[in-house]
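Examination of the molecular architecture
Given next are the chains, with one letter for each unit.
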Amino acid sequence: MRIDGARVLITGASSGIGAATARAMAAAGSRLVLAGRDGERLRAVAAETGGRAVVGDVTTDASGLAGEAAPVDVLVCNAGEGWAGPFARMPAGRVDALVAVNLTAPIELARLLLPGMIDRRRGHLVFVASIAGAVGVGGEAVYSAAKAGLVVFAEALRDELSGSPGVGVSVVFPGVVATPFFARRGVPYDRRWPAPIPPERVARGIVTAIRRGRSECYVPGWLRLPARLRGAAPGLFHGLARRTG
Ligand SMILES: NC(=O)c1ccc[n+]([C@@H]2O[C@H](COP(=O)([O-])OP(=O)(O)OC[C@H]3O[C@@H](n4cnc5c(N)ncnc54)[C@H](OP(=O)(O)O)[C@@H]3O)[C@@H](O)[C@H]2O)c1
């Protein structure tokens, strides 16, 4: 779909991948509505990109956000957060919070904004998942489950929308991205490989996925290989993953 002139809602636009996506879409000529909780950082991105800032929590006010943003041609569900550690030690409350932001809020925003897209025969939904939603990652069990839920939700929606011309659905699977994500979850990324990629690379993947109507976009692209191997031969994949870390 053409994104110049399109009205685009990006959640989690105050930081990292969402802010980079706002810059990329502004450069492509989109009209932006930017959502996030941190008003100061969000307004700075809005000023830079000519977008409108809507400050709020997607887990508690998806309908307010959708109402402020509508009509929306492109919805980029990007807001998310992680939690890392053994599942058996996960504190009460963190499960609900993680599922709310990574899974329930994107579903709710899609529910609110998709009917308008179908009526206008023009629209695109983008769900920012994670490689952890394609292969279960130990130490990130609930985050993996929430992102995997998003992936299958998108697949089901794509199936439903096959009879709705002009409306597309993309899932983006970032690997390790250099953003405040790891500091915020309280557990830094400490592997030597793979090296974190810049958020601008994921933003380019999002723009391409919308323009070309791609169902799936792995960033970096080689991540599709472990995902495919996990699907075709899960035993082999997990054996290799354990051996190579
Ligand atoms: N970084 C990675 O390695 C990586 C890898 C795979 C997938 N991802 C996914 O990419 C997405 C963006 O993450 P990032 O790396 O850019 O992290 P980030 O820099 O920490 O940005 C996260 C964004 O989500 C927003 N957010 C979080 N909880 C929210 C809530 N309850 N309501 C509204 N906004 C909320 C934050 O808003 P405020 O700052 O305003 O609170 C922020 O704008 C997430 O869905 C994440 O799961 C990241």
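Residues numbered from 1 in each chain as written. Predicted model: local features only at pLDDT ≥ 70, side-chain atom pairs only at ≥ 80, totals over all residues. Heavy atoms only, no water.

Quick look at the UniProt feature "transmembrane region" (unreviewed entry) in the protein chain now. As annotated in UniProt, the feature "transmembrane region" (unreviewed entry) corresponds to residues 125-146 and 166-183 in the numbering used here. With 27% helix and 18% strand, residues 125-146 has end C-alpha atoms that lie 18 Å from one another. Along residues 166-183, the helical share is 17% and the strand share 44%, with 39 Å between the first and last C-alpha atoms. (UniProt positions renumbered as here; feature names shortened; annotations may be inferred. Helix = DSSP H or I, 4+ residues; strand = E, 2+ residues; numbered from the N terminus.)

As a further point, take the site of the ligand. In the vicinity of the ligand lie 32 residues, with Ser14, Ser15, Tyr143, Thr179 and Arg184 positioned nearest. Within the backbone of Val177, an N or O atom sits 2.8 Å from an oxygen atom of the ligand. Across the complex, the protein chains shield 98% of the 890 Å² of accessible surface that the ligand would expose by itself. Breaking the shell around the ligand down by element, the ones donating at least two residues are helix H1 (16-27), helix H5 (141-160) and helix H6 (181-185). Its residues assigned to classes, the shell around the ligand shows 14 nonpolar, twelve polar and six charged. (Near = heavy atom within 4 Å. Polar contact = N/O pair within 3.5 Å; in protein donor to acceptor, adjacent residues only side chain to side chain. Areas by Shrake-Rupley, 256 points an atom, 1.4 Å probe, with all protein chains shown as cover. Nonpolar A, V, L, I, M, F, W, Y, C, P; charged D, E, K, R; others polar.)

Now for the packing of aromatic side chains. Considering all chains together, one arrives at six aromatic pairs under this definition. For the ring pair Phe127 and Phe153, a centre distance of 5.7 Å and an interplane angle of 75° mean the geometry is edge-to-face. Placement of Phe127 in strand S5 (residues 123-128) and of Phe153 in helix H5 is noted, with a sequence separation of 26 residues between them. The exposure class of Phe153 is partly exposed, given its relative accessible area of 21%. Look at Phe181 and Phe182: their rings are 5.1 Å apart centre to centre, the planes differ by 85°, and that puts the pair in the edge-to-face class. Counting every residue linked through ring pairs, the aromatic cluster contains Tyr143, Phe181, Phe182 and Tyr189. (Phe/Tyr/Trp six-rings, centres within 6.5 Å; stacked < 30°, edge-to-face > 60°. Buried < 20%, exposed > 50% of the residue type's maximum accessible area, 1.4 Å probe, protein only.)

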